[in-house]
Every structure is written in structure tokens, then in C-alpha cells.
Amino acid sequence: MSTSRSASWRGTPSLLARVARHWQLYLLLAPAVIYLIVFKYWPMYGVQIAFRNYNPIDGFMGSEWVGLEHISRFLHSFQFSRVFVNTIAINVLGLVFGFPVPIVLALLINQLGSRRLKSFIQTVLFSPAFISTVVVVGMLFVLLSPRSGLVNNVISLAGGTPVSFMNEEGWFRPIYVLSDIWQNAGFSMIIYLAALAGIDPSLHEAARVDGANRWQRLWHIDLPGIRPVILIMLILAVGNLLNIGFEKALLMQTDLNLGTSQIIQTYVYDVGLKSAQFSYSAAISLFNYVLNMILLLVFNQGAKRAGQTSLF
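Because the structure is predicted, anything quoted here is derived from the model rather than measured.

Engineer: For the packing of helix α6 (residues 79-98) against helix α7 (residues 100-110), give the residues involved together with the corresponding values.
Structural biologist: For any two helices packed against each other, the geometry is given by the interaxial angle and the distance between the axes. Axis separation between α6 and α7 bottoms out at 6 Å; the angle between their running directions is 15°. In terms of orientation, α6 lies roughly parallel with respect to α7. Listed contacts from α7 to L95, V96, F97 and G98 of α6 are P100, V101 and P102. Taken together, the residues that form the contact of α6 with α7 break down as 6 nonpolar, 1 polar and no charged.

In C-alpha cells, the structure reads:
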């Protein structure tokens, strides 16, 4: 028994031998690994300033250790409820109204018979993803301008009163969510179209023979076929529930709409860079990412226990 085990152990190539045998694959993998180490793992050394009163003169290790004082300060600050609710509200609205849009678009486009028409619609829906966020926000300010904006001109022609959309707190969330759907739904749609392309065509042929119409085939073949992808994307979306595009929120932010536009990311920018409270802003960011990780793990575990597709 021991002899066979030793023989099998000797027959197993060492790690160095396996690397030498497949060095081309490891060489291709090396840039990605180096990128993760340099830009993702090594910067985590600086996370410790969230638990210190960081002073650039004393450095990371020389600054005073204060533990969870900064996180406690954020939780008890008058700004906490506002920025937390604003962040959650925008992301929940985006999840409820924005998440199903690319799925619906992919299912509808997949039903088109003309390949040219399908390619044209895909290009039209996908093209906004290439537009810079700065340009998108600039377009919003131009279109929604209370004096010369197209939307307010239509309102005035209809006998209404022009609305200062970009300065009113009540309009920030709808404008943010709708513009985000317009810009990113086409990009997400490609993922679901790729999943639909992997469905066995014989299933549709068998359904046609049985007399199933397009709606029945969509409901009983296409939608179940992409359900694993939908669940994976939903888990990832829930894992980013407290993350919002900082650049877009900051560019859309004005002094008059701060009540709904001040989110965690812009608040970190204000206290971190504008007020130079580095430890406090680092603690807020760390708190945000820890909550995201908890949401991701909980939702992934729930999907796993329910027998559905999960990330791990």
C-alpha cells in the first residue's frame, strides 16, 4: 500500500515542472496577476489609515491608532442617514427599473428574423456605452436647461411652466436612473444575447413542431436558458448595492440638489480631498466596501441554498 502511494507521489510532477511544461500559459497569465498584486492587493496596506489618525509626516505606522473611532463618528454623524439613504435609494431604483431592461431587450432582439435589422438595433442600443460620462451629463444639462432646453421648450409649448430639473432634489434620482439605463442597458444586453446564442436550436425546433408560438418559446425556452446568467448578474448587482458611479453623481451635483445627490462616494470626496480628513474618508470607504461584501456573501449563500446558480 505504502509502495503504491510512494510510486504515485513520485509520478506526480512538481509545481516547478508543471510551470516549465506550460510556461506559455503562465506567461500570458503573468500581466493579470501582476496587475492584481500591484493595483489591488498592495494598496490594501494603506487601509490601516482608517484605524489611525493619519498624519503624512508620521506616516502609516507612526500615526496614532484609534481603532473604530472614525467609523463610529460616521455612524453617529448627522450626514450618515442622508448619504446612506440616498445611496441605497438610487441603487434600489436602478436595480428595480434598470436590471430587467437589458433582459427584455435581449429577448426581443433575439426574436427578430432579419439579421441586418438585428445588427442595426444592437448597434444603436450599444453605442451610448461609448459616450463619456462627462458628455452624457453635459447633454443632460443642455436638454434639461430651464431656458433653452428641448424638454422645457416642449413643456412651454404645451402651456406648462419650465422646470429646473437639474437643480430640484426630487428630479435627481429619476434623471440619474433613466440616463444610466439609456447609457448602460445596451452593454448589459450583449451578455444576455451571448447566453441566448448558447441555447440549443433543437429545443425551438421541437417546440415549433409541438405548436408553440413565439411567446411560449420565449417563456419556456429562452428565459429558463439564460436564468443562470440572470442570477449571476443579479448577485453581482446586489454586491454593488452601495456603489454608485462617483463621476456621474459628482457632475450632476449642484448646491440646490444636495439633499438627494449627496451619496457616500461624493461625501468621501468632500471630507477626504476637500477637507483633508484622510483617515475619516478611508474609514467611510472601508465601511462601504465591507457592507457590499456582506451583501454579496449573504445573497450568494441564499441563492446557493435555494439550489440556484451562485458565484461560489
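Engineer: Now, about α6: what can you tell me, with residues and values included?
Structural biologist: The terminal C-alpha atoms of α6 lie 28 Å apart, and with 20 residues this matches the ideal 28 Å at 1.5 Å per residue to within 8%. Those residues of α6 lying buried are Q79, F80, V83, N86, T87, A89, I90, N91 and G98. On its buried face, α6 is in contact with α5 (69-75), α7, α11 (169-197), α16 (258-261), α17 (264-274) and α18 (278-305).

Engineer: Provide a residue-level description of unusual backbone geometry, including the pertinent values.
Structural biologist: In this structure, A276 is a non-glycine residue whose phi angle is positive, near 60°. Residue placement: A276 occurs in the loop between α17 and α18. Residue classification places A276 among the partly exposed residues on the basis of a relative accessible area of 45%.

Engineer: Please give an account of the packing of helix α8 (residues 115-126) against α11 that cites residues and values.
Structural biologist: Running from amino to carboxyl end, α8 crosses α11 at an angle of 135°, the nearest separation of the two axes being 8 Å. Classified by the interaxial angle, the pair formed by α8 and α11 is oblique. Contact residues: Q122, L125 and F126 in α8; G186, F187, M189, I190 and L193 in α11. By residue class, the composition of the contact of α8 with α11 is 6 nonpolar, 2 polar and no charged.

Engineer: A description of the side chain of T87 should follow, citing residues and the corresponding values.
Structural biologist: Along the chain, the position of T87 falls in helix α6. Within the local environment of T87, its side chain forms a polar contact with the backbone oxygen of V83, the two atoms lying 2.6 Å apart.

Engineer: So, the environment of V33: which residues are in play, and what are the values?
Structural biologist: Looking at the element boundaries, V33 is found in helix α3 (residues 23-41). With relative accessibility at 37%, the residue V33 sits in the partly exposed group. Sequence separation between V33 and R82 is 49 residues; the distance between their C-alpha atoms is 39 Å.

Engineer: Give a detailed account of the packing of aromatic side chains, specifying residues and quantitative values.
Structural biologist: One pass over the structure, following the stated rule, counts 16 aromatic pairs. The interplanar angle of 80° and the centroid separation of 6.3 Å between the aromatic rings of Y54 and F278 together place this pair among those described as edge-to-face. Here Y54, found in the loop between β1 (52-53) and α4 (59-62), pairs with F278, found in helix α18; they are 224 residues apart in sequence, far enough to count as distant. Judged by its relative accessible area of 25%, Y54 is partly exposed. Where F80 meets F287, the ring centres are 6.3 Å apart and the plane angle is 65°; that geometry is what we call edge-to-face. Residue F80 is found in helix α6, and its partner F287 is found in helix α18; the two are separated by 207 residues along the sequence. Here F80 and F287 have matching classes, each one buried. Here the aromatic residues F74, F80, F84, Y267, Y280 and F287 are joined through ring pairs into a cluster of three or more. For R73, the ring lying beneath its charged end belongs to Y280, and the centroid distance is 3.8 Å. Here K248 stacks its cationic end above the ring of Y176, 4.8 Å away from the centre of that ring.

Engineer: Give me the environment of Y269: which residues, what numbers.
Structural biologist: Along the chain, Y269 falls in helix α17. Residue Y269 is classed as partly exposed on the basis of its relative accessible area of 26%. Along the primary structure Y269 and T87 are separated by 182 residues, whereas in three dimensions their C-alpha atoms are 14 Å apart. Those residues in contact with Y269, other than ones at most four positions away along the chain, are F246, L250 and K274.

Engineer: Describe the side chain of N288, and please don't skip the residues or the numbers.
Structural biologist: Checked against the element boundaries, N288 lands in helix α18. There is a polar contact of 3.1 Å between the side chain of N288 and the side chain of N243. Setting aside anything within four residues of it in sequence, one finds N288 in contact with L242, N243, I264 and Q265.

Scoring rules and cut-offs
- Residue indices follow the written sequence of each chain, beginning from 1 at its first position.
- The predicted origin of the model limits local features to residues at a pLDDT of at least 70 and limits the giving and counting of side-chain atom pairs to 80 or more, whereas totals for whole chains, interfaces and linings rest on all residues.
- Calculation of side-chain values draws on the structure's entire complement of heavy atoms; hydrogens and water are dropped beforehand.
- Only the stretch in contact is used when a helix axis is fitted, and all axes are lines through C-alpha atoms; the angle between N-to-C directions ranges over 0 to 180 degrees.
- Only DSSP runs of H or I covering at least 4 residues are called helices, and only runs of E covering at least 2 are called strands; the numbering of each starts at the N terminus.
- Convention used here: angles under 35 degrees read as roughly parallel, angles over 145 as roughly antiparallel, angles from 65 to 115 as roughly perpendicular, and any remaining angle as oblique.
- Any two residues whose heavy atoms approach within 4.5 Å at even a single point are treated as in contact.
- Side-chain classes are defined by residue name, with Ala, Val, Leu, Ile, Met, Phe, Trp, Tyr, Cys and Pro counting as nonpolar, Asp, Glu, Lys and Arg as charged, and the others, Gly among them, as polar.
- Helices are assigned an expected span. That span is 1.5 Å times one less than the residue count.
- Buried means the residue's accessible area, taken with a 1.4 Å probe over protein chains only, is under 20% of the maximum for its type, while exposed means over 50%, and partly exposed covers the values in between.
- What qualifies as a polar contact is a pair of N or O atoms within 3.5 Å, subject to a donor-acceptor requirement within protein and to the restriction that residues adjacent in sequence count only when both atoms come from side chains.
- The rule is short: rings of Phe, Tyr and Trp, with Trp giving its six-membered ring, pair when the centres are within 6.5 Å, and they are stacked under 30 degrees, edge-to-face over 60, tilted in between.
- Throughout this description, the term charge over a ring refers to an Arg CZ or Lys NZ atom that lies within 6 Å of the ring centre and within 35 degrees of the ring normal.

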